[in-house]
Protein chains: 2
Amino acid sequence: MSTPIASLDTPVALVDVAQMQRNIQRMQQRMDTLGVRLRPHIKTSKCLPVITAQMAAGARGVTVSTLKEAEHCFAQGISDVFYAVAIAPGKLPAALALRRKGCNLSVLTDSVAGAQAIVDFAQQHDERFEVWIEIDCDGHRSGLAVEDNALVAVARALSEGGMQLRGVMTHAGSSYELDRLEALQALAEQERLLCVRAAEIIREAGLACPEVSIGSTPTALSALNLDGVTEVRAGVYVFFDLVMHNIGVCRADELALSVLTTVIGHQQDKGWIITDAGWMAMSRDRGTQRQRQDFGYGQVCTEAGDWIEGALVTGANQEHGIITLGTPSADMVGRFPIGSRLRILPNHACATGAQFPDYHALDVEGAVHTWSRLHGW
Amino acid sequence: MSTPIASLDTPVALVDVAQMQRNIQRMQQRMDTLGVRLRPHIKTSKCLPVITAQMAAGARGVTVSTLKEAEHCFAQGISDVFYAVAIAPGKLPAALALRRKGCNLSVLTDSVAGAQAIVDFAQQHDERFEVWIEIDCDGHRSGLAVEDNALVAVARALSEGGMQLRGVMTHAGSSYELDRLEALQALAEQERLLCVRAAEIIREAGLACPEVSIGSTPTALSALNLDGVTEVRAGVYVFFDLVMHNIGVCRADELALSVLTTVIGHQQDKGWIITDAGWMAMSRDRGTQRQRQDFGYGQVCTEAGDWIEGALVTGANQEHGIITLGTPSADMVGRFPIGSRLRILPNHACATGAQFPDYHALDVEGAVHTWSRLHGW
């Protein structure tokens, strides 16, 4: 039992810093090899030391999911910020304020109405926003289909309205539903091909479209070529999680985020160990529910981080986790007494992290650092 | 469109203060009529103005799910605090520190080992903790069965160790799986009967057991008599939510918490409206998934709060909500244009609230107040 961990009250969100660094290196080297910039999505960590490590490894700019993240990054000196959610008109004043302070914030739209709202607001305030157009490459959420006539109409509305069309972007979110390498490679190629094609259509219409931005962790780690792509966005690779493990893009020992918890009781006849990491700690994310292996609310490990095969968090109330061992253990209470500690690997690092005000980062010397993270909008 | 709401950036968690007050009154009057004290569980709101309203209406003491909540309540002058999760030995120093400051904090255990850890720590620090024993009334989580010999053993260990046995407590959490009044009444009676019986068993062993504490919102609102019970704990009644509505203990118009969101896009061929309230706003809670009506990630209402029949949040990414109308609408984009606003009623008020640093409370005059809430442990 390491002393620093033993001094922490539970539940806490632990980051294995050495593993996080390996995850960052792996993605950065892959993007370097494929010849594209990496613009990490910081919605996973919302945490400055993590973002700093990504930038130090070679990332260029950041992707954010909220303007609060953008403000936080800019306050720390990161000025190339892409807010990658179609902007609500009501958020344009905050986006303008950031740009007026010197932040190179770019925004997103996927409709003529959205583009027109940006243009109208910009013209009222004598601003020239940098705008991306979202492409739908797999039908999973937002974006314009490549064959949609609105694609050129949006580009033209932005251009004629005086905006700078930064480029096209897409996110192959349906990659989360796959778990075979061939299928992932095929989706990565579809993501690339459709987004590059969208840029070509805009260029064929006589408009500039300098950038092609794609990405999701599974496709970024599966793509065989990224010809025509200028940058990749990916987020969860920094920590990985059980969903990514099920998809097949990381090994079990590559998960860098876990929740440290304490045993607070047992229900021996049911084979249950009760802990203080319920859904408030793990989140309600059940992302592995329909994957090849359902991990319940998380995979149980020893305090040192070794998997206890078959042991899962099978139930969760607000501040109670219920662990079931894969094989019944007559000595369950002796093996996991009240006060003993376990680590739980989460289904989804983005959702579990959000439950905590801070990460507790374990460095290679075994020291623990408190890393604050953003909460809210 | 009310001006104050229109000035809010989205997503925000709105509290309808008048409705919250009605919910508080309803539960308090019910407990007054049944002749028991109400000790609200503040894990739902984690928010001082809400707790203050509960106390003003007649609540006596609070129930908390974390020691952070206990510290927060005590700092605000609430000293009768029951930490209703079996205490991890590692949390005893923090509990002691609170008691030394004058907080009348009581703690919980459901095992001889847990009781012994409390006694050992207390004796080392010359403290007399007030301790409750948890009873399992429905097999849903923690607690000792009434017929378990450990019940008297725990009571004796505490008593002989010099602790003050405050009483027995139980929580009929399986009430969340019911939706018929007769079944709820039967479970409420089972909760009462078993907890009262546990107290009698301890008293028959010659030990004092002054209190009998039971409760869950569904059973508290269904119980026909509470003879032998001294206090009821309930939490989610303060806001109610879609899970409670499915159970049948509140009407559709009694939900006091909603999430205000903005339309940011459409996928017309799929019948999707895209909003800025994804799972980061709604939480990943899918508590209605196995109930009589599955509300997806939430029921969609107009900005004013009127239900749009059949409109549900059927999908959620981190910052994207996907709304599907029950009946296809050819004029979907015209009815819900980009920039228009909607309110979403959540499955589970405790989980949705936790996603936000603050509530935005709408008073009867239409003014909005920012109410901060706790995050983390």
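As recorded in an unreviewed UniProt entry, chain A goes by the name D-serine deaminase, pyridoxal phosphate-dependent, listed as coming from Pseudomonas fluorescens. According to the UniProt record, the Sequence similarities (unreviewed entry) comment for chain A reads "Belongs to the DSD1 family."

A.B. asks: What am I meant to see in the relation of the copies chain A and chain B here?
C.D. replies: The operation relating the pair of chain copies consists of a rotation about an axis and a translation along that axis. The two copies are related by a screw motion: chain A maps onto chain B through a turn of 180° and a shift of 0.0 Å along the axis, at an RMSD of 0.0 Å. Read as a symmetry element, the transformation amounts to a two-fold axis. Residue R284(A), judged by its C-alpha, is the member of chain A lying nearest the rotation axis, at 2.5 Å. In this assembly, 100% of the residues forming the interface of chain A have copies in chain B that are likewise at the interface, indicating an isologous arrangement.

A.B. asks: Can you help me understand the interface of chain A and chain B in this one?
C.D. replies: Interface size is commonly expressed as the accessible surface area that is lost when the partners come together. Taken together, the contact between chain A and chain B spans 52 residues of the former and 52 residues of the latter. Taking both sides of the interface into account, the surface hidden between chain A and chain B amounts to around 4,500 Å²; carbon and sulfur atoms contribute 57%. A per-residue breakdown of the area chain A buries against chain B is headed by R141(A), H375(A) and W377(A), which together make up 18% of the total. Between chain A and chain B we count eight salt bridges in total. A salt bridge links D9(B) to K91(A); its shortest N-O distance comes to 3.6 Å. Connecting chain A to chain B are 26 residue pairs in polar contact (both at pLDDT 80 or more). Elements represented by at least two residues in the side of chain A that touches chain B include exactly helix 6 (112-124), strand 10 (257-267), strand 11 (272-275), helix 11 (279-282) and helix 13 (349-353) of chain A. Considering every element that reaches the side of chain A that touches chain B, the biggest residue donor is strand 10 of chain A, with four residues. For the side of chain A that touches chain B, the class distribution of residues is 20 nonpolar, 20 polar and 12 charged.

A.B. asks: What is the right way to look at the packing of helix 5 (residues 92-100) of chain B against helix 6 (residues 112-124) of chain B in this model?
C.D. replies: Each pair of packed helices can be summarised by the angle the axes make with each other and by the distance between the axes. All names here are of chain B. In the contact formed by helix 5 and helix 6, the axes pass within 11 Å of each other and the chain directions differ by 55°. Classified by the interaxial angle, the pair formed by helix 5 and helix 6 is oblique. Helix 5 and helix 6 meet at a crossing whose hand is right-handed. Along its contact with helix 5, which presents L92, P93 and L96, the element helix 6 presents A117, I118 and F121. Taken together, the residues that form the contact of helix 5 with helix 6 break down as six nonpolar, no polar and no charged.

A.B. asks: It is not clear to me how the UniProt feature "domain: D-serine dehydratase-like" (unreviewed entry) in chain A should be interpreted in this structure. Could you clarify?
C.D. replies: Using the residue numbers shown here, the UniProt feature "domain: D-serine dehydratase-like" (unreviewed entry) corresponds to residues 256-363 of chain A. Helix and strand shares over residues 256-363 of chain A are 12% and 40% respectively, and the end C-alpha atoms of the span are 12 Å apart.

A.B. asks: Sorry if this is basic, but what is going on with unusual backbone geometry here?
C.D. replies: With an omega of -5°, the peptide bond running from T10(A) to P11(A) counts as cis. Relative to the assigned elements, P11(A) resides in the loop between helix 1 (3-6) and strand 1 (12-16). For K46(B), which is not glycine, the phi dihedral falls at a positive 50°. Relative to the elements of secondary structure, K46(B) occurs in the loop between strand 2 (37-38) and helix 3 (48-56).

A.B. asks: Explanation requested: the packing of helix 6 of chain B against helix 7 (residues 150-160) of chain B in the structure shown.
C.D. replies: Residue and element names in this part refer to chain B. Contact pair helix 6 / helix 7: the axes reach a minimum separation of 9 Å and the direction vectors enclose 5°. On the basis of their axis angle, the class for helix 6 and helix 7 is roughly parallel. The residues of helix 7 that touch helix 6, namely those facing V112, A115, Q116 and V119, are A153, V154, A157 and L158. Each residue belonging to the contact of helix 6 with helix 7 can be placed in one class, and the counts come to seven nonpolar, one polar and no charged.

A.B. asks: How should I be thinking about the sheet that holds strand 4 (residues 80-83) of chain A in this particular structure?
C.D. replies: The pairing of strands in a sheet happens through backbone hydrogen bonds and is either parallel or antiparallel. Residues and elements named next belong to chain A. Here we have eight strands laid out as an open sheet, ordered 2-9-8-7-6-5-4-3, and parallel in their pairing. Taken across any chain shown, the strands that pair with only one partner, and hence form the sheet edges, are strand 2 (37-38) and strand 3 (62-64). As paired strands, strand 5 (residues 104-109) and strand 6 (residues 130-135) are joined by four bridges and run parallel to one another. Across the sheet, T109 pairs through a bridge with I133, a residue of strand 6.

A.B. asks: What am I meant to see in the pairing of strand 13 (residues 307-316) of chain A here?
C.D. replies: Within a regular strand, the side chains alternate between the two sheet faces. All names here are of chain A. In this sheet, strand 13 lies alongside strand 12 (residues 299-302) in antiparallel orientation, the contact comprising two bridges. Across the sheet, the residue bridging to C301 is W307, located in strand 13. Hairpin connection between strand 12 and strand 13: a loop of four residues separates the two successive antiparallel strands, and G305 in this loop has a positive phi of roughly 105°. In this structure, strand 13 lies alongside strand 14 (residues 321-324), joined through four bridges in antiparallel fashion. Counterpart to A316 in the pairing with strand 14 is G321. Between the antiparallel neighbours strand 13 and strand 14 lie four residues.

A.B. asks: Explanation requested: helix 7 (residues 150-160) of chain A in the structure shown.
C.D. replies: Residues and elements named next belong to chain A. For helix 7, the set of buried residues is L151, V152, V154, A155, A157 and L158. Lining the buried residues of helix 7 we find strand 5, helix 6, strand 6, strand 7 (164-170) and helix 8 (181-204). Of the residues trailing helix 7, G162 is marked for its positive phi of about 90°.

A.B. asks: What's the story with the sheet that holds strand 3 (residues 62-64) of chain B in this structure? I'm lost.
C.D. replies: Residue and element names in this part refer to chain B. In spatial order, the strands read 2-9-8-7-6-5-4-3; together these eight strands make up an open sheet with parallel pairing. The open sheet terminates on both sides in strands that have one partner only, identified here as strand 2 and strand 3. Bridge analysis of strand 7 (residues 164-170) against strand 8 (residues 211-214) gives three bridges, and the strand direction is parallel. Bridged to M169 within strand 8 is S213. This element, helix 5, spans strand 5 (104-109) and strand 6 (130-135) of the sheet and lies at about 155° to strand 5. Those strands touched by helix 6 are strand 5 and strand 6, and its axis lies near 145° from that of strand 5.

A.B. asks: Would you mind showing me how to read the packing of aromatic side chains here?
C.D. replies: Two measures describe an aromatic ring pair: the distance that separates the ring centres and the angle between the ring planes. This model, assessed by the stated rule, comprises 10 aromatic pairs over all chains. Ring plane angle 35° and centroid distance 4.9 Å describe the contact between W377(A) and F356(B), whose orientation is recorded as tilted. In this pair, W377(A) sits in the segment after strand 17 (368-372) while F356(B) sits in the loop between helix 13 (349-353) and strand 16 (358-362), so the two residues belong to two different chains. Ring geometry for F82(B) against W132(B): centres 4.5 Å apart, planes inclined by 15°, an arrangement best described as stacked. Highlighted residues: F82(B) in strand 4 (residues 80-86) and W132(B) in strand 6, separated in sequence by 50 residues. With respect to burial, F82(B) and W132(B) carry one shared label: buried. Positioned above the aromatic ring of Y297(B) is the side chain of R286(B), whose terminal nitrogen or guanidinium carbon lies 5.6 Å from the ring centre.

A.B. asks: Is there a simple way to explain the environment of P210(A) in this structure?
C.D. replies: All names here are of chain A. Inspection of the secondary structure puts P210 in the loop between helix 8 and strand 8 (211-214). Taking C-alpha positions, P210 is 7.9 Å from L165, a pair spaced 45 residues apart along the chain. Ignoring sequence-local partners within four residues, the contact set of P210 consists of L165, R166, R203 and T230.

A.B. asks: What am I meant to see in the nonpolar core here?
C.D. replies: For soluble globular proteins, the rule of thumb is that nonpolar side chains tend to be buried together. Within the largest apolar cluster, 247 residues are counted, with the highest numbers of intra-cluster contacts made by I133(A), M20(B) and I133(B). Excluding its chain neighbours within four sequence positions, the residues that come into contact with M20(B) are V15(B), V50(B), A53(B), V238(B), F239(B), A256(B) and W371(B).

A.B. asks: When you look at the pattern of salt bridges in this model, what are you seeing that I'm missing?
C.D. replies: Pairing between side chains of opposite charge can happen when the charged atoms of each approach one another. Evaluated as defined, the whole model comprises 48 salt bridges over all chains. The shortest N-O distance in the salt bridge between K270(A) and D136(B) comes to 3.8 Å. Of this pair, K270(A) sits in the loop between strand 10 and strand 11 while D136(B) sits in the loop between strand 6 and helix 7, each in a different chain. On the basis of relative accessible area, K270(A) is assigned to the partly exposed category, the value being 32%. Taken together, the shared-partner salt bridges in this structure form one network comprising R37(A), R39(A), D80(A), R99(A), R100(A), E127(A), E130(A), R166(A), E211(A) and E231(A).

Definitions and limits used
Residues numbered from 1 in each chain as written. Chains lettered and ligands numbered in written order. Predicted model: local features only at pLDDT ≥ 70, side-chain atom pairs only at ≥ 80, totals over all residues. Heavy atoms only, no water. UniProt positions renumbered as here; feature names shortened; annotations may be inferred. Least-squares fit on C-alpha atoms with pLDDT ≥ 70 in both. Contact = heavy atoms within 4.5 Å. Buried area = accessible area lost by both parts, 1.4 Å probe. Salt bridge = Lys/Arg side-chain N within 4 Å of Asp/Glu carboxyl O. Polar contact = N/O pair within 3.5 Å; in protein donor to acceptor, adjacent residues only side chain to side chain. Helix = DSSP H or I, 4+ residues; strand = E, 2+ residues; numbered from the N terminus. Nonpolar A, V, L, I, M, F, W, Y, C, P; charged D, E, K, R; others polar. Axes fitted to C-alpha atoms, helices over the stretch in contact; angles between N-to-C directions. Parallel < 35°, antiparallel > 145°, perpendicular 65-115°, else oblique. Left-handed = near helix turned anticlockwise from the far one by under 90°. Pairing = 2+ DSSP bridges. Buried < 20%, exposed > 50% of the residue type's maximum accessible area, 1.4 Å probe, protein only. Phe/Tyr/Trp six-rings, centres within 6.5 Å; stacked < 30°, edge-to-face > 60°. Lys NZ or Arg CZ within 6 Å of the ring centre and 35° of its normal. Core = buried A, V, L, I, M, F, W, Y, C linked by side-chain atoms within 4.5 Å.

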